[in-house]
Number of protein chains: 2
Amino acid sequence: MLITKASEYAILALIVLSKEKKPMGSESLAKQLSIPKSFLAKILQSLAKAGILKSFKGINGGFALAHEAKNISMLDIMSAVEGKSPAVFECSLSESACPSDTASICSIWPFLNKLQGKIDNFLAELTLADILE
Amino acid sequence: MLITKASEYAILALIVLSKEKKPMGSESLAKQLSIPKSFLAKILQSLAKAGILKSFKGINGGFALAHEAKNISMLDIMSAVEGKSPAVFECSLSESACPSDTASICSIWPFLNKLQGKIDNFLAELTLADILE
DNA sequence: CGAATCTAAAGCCATAATAGCCTCCTGAAT
DNA sequence: ATTCAGGAGGCTATTATGGCTTTAGATTCG
């Protein structure tokens, strides 16, 4: 799978939240999206930790966007939820052989690096606002 | 993970194969890339089935590109290896509620569809030749 | 022509990571 | 103090990853 369920649910939740004025609870979010609430709760927590969402406890609490939709990129979302940059191509060669520096034995690393850059760039420029049109 | 290991290995193998004139066996490919040969063998078979690679049995057999690098897109590779279009956002609502047609209850489907289109488009335009520069 | 050999094709099995579920704890508003 | 909702952890199920063995097709050589 190219995009994990966690990222997919994060995007879904952010789309819904972008249309809400007031904080929305994880339970009602999960219900509206028909996705598992326990899993979604963890995802929302990750997004809150990353500063993409603000969280409010207590009565009438819930989650709300911390920034404008145009300032939230797909790269931000995926990095927050998956804990790392997406599409990380790990060199499968031994560490000593793959420092990605000059005269490296690993001749394919530059190509992987280029691909990773292109993907990261695409995801960084694609914001929530682009999807909401 | 955004890109599965299968896709990653497929890309790695295609990069190497794009520089070879003669067919290359799965074992020597796995050795050069330091990746599991059994897993790679399956991936190469998928690529062959999809028409991206040509396979040759017997002595001096192996795999070779079936097309020019500029005609092989990331979308082709991922679709072949993962058996479906990457980034498939499945509607989590009930089937009756999510036909993605007019008057659908599922208000977020159009946005998901748009995102999927953008990702597919990006991957379709990104070819092996782009990475090889 | 037939045997030997090389390599792809295809299956099943083990492990690791993801996806999903449940319970208790913590903090805020009334 | 009570109640509502987020925070945090452990536990199970599903899927992805990797390993192994057998089968089948193609080439070379005797």
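Reading guide: rules and limits
- For every chain, the first residue of the written sequence is number 1, and numbering continues from 1 along that sequence.
- Each chain gets a letter, beginning with A, and each ligand a number, beginning with 1, in the order they are written.
- The predicted origin of the model limits local features to residues at a pLDDT of at least 70 and limits the giving and counting of side-chain atom pairs to 80 or more, whereas totals for whole chains, interfaces and linings rest on all residues.
- Any residue whose C-beta atom, as set from the backbone, lies within 6 Å of a molecule or strand is reported as near that molecule or strand.
- Runs of E in the DSSP output that reach at least two residues are strands. Runs of H or I that reach at least four are helices, and both are numbered from the N terminus.
- Put simply, Ala, Val, Leu, Ile, Met, Phe, Trp, Tyr, Cys and Pro go in the nonpolar bin, Asp, Glu, Lys and Arg in the charged bin, and everything else, Gly too, in the polar bin.
- What we call a nonpolar core is a set of buried Ala, Val, Leu, Ile, Met, Phe, Trp, Tyr and Cys residues whose membership is set by joining through C-beta atoms within 7 Å.
- Field definition: a residue is buried when 20 or more other C-beta atoms are found within 10 Å of its C-beta, exposed when 12 or fewer are, and partly exposed for counts in between, with C-beta atoms placed from the backbone.
- Note on contacts: residues are paired as contacts if their backbone-placed C-beta atoms lie within 7 Å.
- At least two bridges found by DSSP between two strands is the condition for calling them paired.

A.B. asks: I'm lost on the protein's contact with DNA strand D in this one. Help?
C.D. replies: Around DNA strand D lies a shell of 24 residues, among which Thr-4, Pro-36, Ser-38, Lys-57 and Gly-58 of chain B are the nearest. Within the residue set of the surface near DNA strand D, elements represented by two or more residues are helix H2 (26-33), helix H3 (37-49) and strand S2 (62-65) of chain A together with helix H1 (5-17) and helix H3 (37-49) of chain B. Its residues placed into classes, the surface near DNA strand D shows 10 nonpolar, 10 polar and 4 charged.

A.B. asks: Hey, could you run me through the nonpolar core in this one?
C.D. replies: Soluble globular proteins: nonpolar side chains tend toward being buried together. The biggest cluster of nonpolar side chains holds 71 residues, and the ones touching the most others in it are Ala-10, Ala-13 and Ile-77 of chain A together with Ala-10, Ala-13 and Ile-77 of chain B. Filtering out sequence-adjacent residues up to four positions away, Ala-13 of chain A remains in contact with Leu-29, Leu-33, Leu-40 and Leu-44 of chain A.

A.B. asks: Teacher, can you tell me more about unusual backbone geometry here?
C.D. replies: Glycine aside, negative phi is the norm for most residues, and most peptide bonds take the trans geometry. All names here are of chain A. Phi at Ser-34 takes a positive value of approximately 60°, unusual for a residue other than glycine. For Ser-34, the location among the structural elements is in the loop between H2 and H3. The phi torsion at Asn-60 lies on the positive side, around 60°, for a residue other than glycine. Owing to 9 C-beta atoms within 10 Å, Asn-60 belongs among the exposed residues under this scheme.

A.B. asks: Sorry if this is basic, but what is going on with the environment of Trp-109 of chain A here?
C.D. replies: Mapped onto the secondary structure, Trp-109 of chain A falls in helix H5 (residues 109-125). It is 42 Å that separates the C-alpha atoms of Trp-109 of chain A and Leu-29 of chain A, two residues lying 80 residues apart in sequence.

A.B. asks: For this particular structure, what's the right way to read the interface of chain B and chain A?
C.D. replies: Interface size is commonly expressed as the accessible surface area that is lost when the partners come together. Across the contact, 27 residues belong to chain B and 28 residues belong to chain A. Breaking the side of chain B that touches chain A down by element, the ones donating at least two residues are H1, helix H5 (109-125) and helix H6 (128-132) of chain B. Looking at the side of chain B that touches chain A residue by residue, the classes come out as 21 nonpolar, 3 polar and 3 charged.

A.B. asks: For this particular structure, what's the right way to read the protein's contact with DNA strand C?
C.D. replies: Surrounding DNA strand C, one finds 24 residues, the nearest of these being Thr-4, Lys-5, Pro-36, Ser-38 and Gly-58 of chain A. For the surface near DNA strand C, the elements supplying multiple residues, two or more each, are helix H1 (5-17) and H3 of chain A together with H3 and strand S2 (62-65) of chain B. In terms of residue count, H3 of chain B provides more of the surface near DNA strand C than any other element does, 4 residues in total. Classifying every residue of the surface near DNA strand C gives 11 nonpolar, 10 polar and 3 charged.

A.B. asks: What exactly am I supposed to notice about helix H4 (residues 74-82) of chain B here?
C.D. replies: Side chains of residues three or four places apart in an α-helix project in the same direction, reflecting 3.6 residues per turn. Residues and elements named next belong to chain B. Among the 9 residues in H4, 8 count as buried, and that is most of the element. Every buried residue belonging to H4 is among Met-74, Leu-75, Asp-76, Ile-77, Met-78, Ser-79, Ala-80 and Val-81, and all of these are buried. Those residues of H4 that are buried are in contact with H1, H3 and H5. At the C-terminal side of H4, Gly-83 shows a positive phi close to 75°.

A.B. asks: Would you mind showing me how to read the pairing of strand S1 (residues 53-56) of chain B here?
C.D. replies: Consecutive residues of a regular strand have side chains that alternate between opposite faces of the sheet. Residue and element names in this part refer to chain B. Both S1 and S2 contribute to a ladder of 4 bridges, which runs antiparallel. Looking across to S2, one finds that Ser-55 is bridged to Phe-63. Between S1 and S2, which pair antiparallel one after the other, the connecting turn spans 5 residues, and Gly-58 there sits at a positive phi close to 75°.

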